[in-house]
Amino acid sequence: MKLATYKDGSRDGQLVVVSRDLSTAHYATGIAHKLQQALDDWNFISPQLHDLYVTLNQGKARHAFVFDPAQCMAPLPRAYQWADGSAYINHVELVRAARSSEVPDTFYTDPLMYQGGSDDFIGPCDDVVALSEDFGIDFEAEIAVVTGDVPMGVTPDQALHGVRLLMLVNDVSLRNLIPAELTKGFGFLQGKPATAFSPVAVTPDELGDAWAGGRVHLTLQSSWNGRKVGMCEAGPEMTFHFGQLIAHLGKTRNVRAGSIVGSGTVSNKGVTGANGKTEWPKGYSCIAEKRAIETILDGKPSTAYMQYGDTIRIEMKGKDGQSVFGAIDQKIAPAAA
């Protein structure tokens with residue numbers, strides 16, 4: 001099942017069911033007006049949404065219309081909780097190696113996670129608004145899950161049963177603001193502005209055998225200013241699967257329906273090239289990682305962060321070559337005068 005939220009001038013939009021091929025949609029009016037409503041009563045509401053989904057895919061939905069990602073808010077326009085992990089340790093290794101810093105042993109056994117702002121997400125085609133280019137504007141291509149109710153103390157295997165939906169993420173980062181924040185001893189705040197999500201959220205069964213072991217075994221594509229810079233494999237090198245991330249979040253508290261848990265930047269290890277040097281043929285899912293690689297190889301970074309007018313497109317295609325979640329397709333823009 002594929003679900004989206006259409007803009008209607010309200011904070012939470014209107015829930016729509018989207019066809020498998022992302023060509024048509026149908027309002028879920030009469031079943032649930034908002035996605036959070038469906039998540040709160042999933043066992044009762046989701047079968048009704050699925051029936052509409054089947055009818056839509058059969059071309060029999062009476063009031064179907066052409067699906068337009070530009071009309072989408074984030075699937076959950078605001079959420080009770082947004083917690084982003086760092087499940088791809090290779091990303092951490094690269095960033096730390098660039099500043100000659102060791103990765104603590106605990107990072108390999110206990111997930112790294114921060115609590116982000118969840119009151120103001122942005123849609124997949126909305127501009128990323130930044131007050132200054134000097135903030136060091138960066139994209140981060142990630143995957144996220146939306147949970148049902150998960151009890152405190154849940155095990156990783158049990159936590160996987162709490163996954164209701166999956167989405168793609170652009171976890172926008174303002175890199176030049178982050179160092180000063182971290183030196184204070186607390187986590188990110190100003191360095192992590194509003195996050196964007198894919199046009200649709202999908203149930204795990206939509207991924208077929210690509211959803212295995214709490215990981216998505218597909219390629220995450222990132223295109224910056226129309227140039228493909230990342231073709232990163234999301235499955236094999238995910239150190240902590242989503243069950244482990246949810247269990248980490250739920251170690252000391254309940255995780256309630258509508259919580260969003262992110263994977264962190266999808267990252268793949270380098271390989272030894274024909275010349276004996278390390279290469280990164282899969283590219284990168286954020287500019288900070290590219291700059292870390294340049295520092296490791298050349299002693300300093302040479303790639304600048306994003307500027308006003310830059311674009312970023314993040315997408316994941318299934319084994320049939322079709323877009324699974326639709327694309328995050330955004331432009332960097334200054335704040336309105």
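Residues numbered from 1 in each chain as written. Predicted model: local features only at pLDDT ≥ 70, side-chain atom pairs only at ≥ 80, totals over all residues. Heavy atoms only, no water.

Overview of the packing of helix α3 (residues 89-98) against helix α7 (residues 287-298)
So, point 1. Put simply, α3 and α7 touch, their axes get as near as 8 Å, and they point 50 degrees apart. As judged from the angle between their axes, α3 and α7 are oblique. Crossing angle aside, the handedness with which α3 passes α7 is left-handed. In contact with N90, H91, L94, V95, A97 and A98 of α3, α7 contributes E289, A292, I293, T295 and I296. (Axes fitted to C-alpha atoms, helices over the stretch in contact; angles between N-to-C directions. Helix = DSSP H or I, 4+ residues; strand = E, 2+ residues; numbered from the N terminus. Parallel < 35°, antiparallel > 145°, perpendicular 65-115°, else oblique. Left-handed = near helix turned anticlockwise from the far one by under 90°. Contact = heavy atoms within 4.5 Å.)

Concerning the sheet that holds strand β16 (residues 219-224)
So, point 1. Reading across the sheet, the five strands line up as β7-β22-β21-β16-β17 and stay open at both edges, with mixed pairing between neighbours. Every interior strand has two partners, whereas the edge strands, β7 (128-130) and β17 (227-233), have only one. Between one strand and the next, the sheet's axes are offset by a mean angle of 20 degrees, whatever the strand orientation.
So, point 2. Sheet analysis places β7 next to strand β22 (residues 328-334), joined by three bridges and oriented parallel. Bridge pairing links V129 to A333 in β22. (Pairing = 2+ DSSP bridges.)

Considering the nonpolar core
So, point 1. F67, I143, L166, L207, M316 and F325 are the most contacted members of the largest nonpolar core, which has 64 residues in total.
So, point 2. The element best represented in this core is helix α6 (residues 242-249), accounting for five residues.
So, point 3. In contact with M316, other than residues within four places in its own chain, are I143, L168, V216, L218, T219, L220, A234, Q322, S323, V324 and F325.
So, point 4. In terms of nonpolar packing, the next biggest core, distinct from the first, is built from 32 residues, M1, A79, Y114 and F121 among them. (Core = buried A, V, L, I, M, F, W, Y, C linked by side-chain atoms within 4.5 Å. Buried < 20%, exposed > 50% of the residue type's maximum accessible area, 1.4 Å probe, protein only.)

Re unusual backbone geometry
So, point 1. Although it is not a glycine, L22 adopts a positive phi angle of roughly 65 degrees.
So, point 2. Even without being glycine, N225 reaches a positive phi, approximately 55 degrees.
So, point 3. Looking at N225, the relative accessible area reads 43%, which means it is partly exposed.

Some words on the environment of K300
So, point 1. With respect to the helices and strands, the residue K300 is situated in the loop between α7 and β21 (311-316).
So, point 2. You can call K300 exposed: its relative accessible area is 60%.
So, point 3. Sequence-wise, K300 and A98 are 202 residues apart; in three dimensions their C-alpha atoms are separated by 8.6 Å.
So, point 4. Once residues lying within four places of it in the same chain are set aside, the contact partners of K300 are E294 and T295.

Structural notes on the pattern of salt bridges
So, point 1. Tallied over the entire structure, the rule returns 12 salt bridges.
So, point 2. In this structure, the salt-bridge partner of D126 is K7, at a minimum N-O distance of 2.8 Å. Taken together, the residues span a long stretch of sequence, with D126 in the loop between β6 (113-116) and β7 and K7 in the loop between β1 (2-6) and β2 (14-18) at a distance of 119 residues.
So, point 3. Note on D126: relative accessible area 21%, which makes it partly exposed.
So, point 4. Taking the shortest distance from any N to any O, the salt bridge between D171 and K192 comes out at 2.9 Å. Of this pair, D171 sits in the loop between β10 (163-170) and β11 (173-174) while K192 sits in the loop between α5 (178-182) and β12 (196-197), and the two are 21 residues apart along the sequence. Each of the two residues, D171 as well as K192, counts as buried.
So, point 5. Here the salt bridges share partners, and the residues they tie into one network are D138, E140, D171, R175 and K192. (Salt bridge = Lys/Arg side-chain N within 4 Å of Asp/Glu carboxyl O.)

Read these as spatial facts, not as claims about activity.
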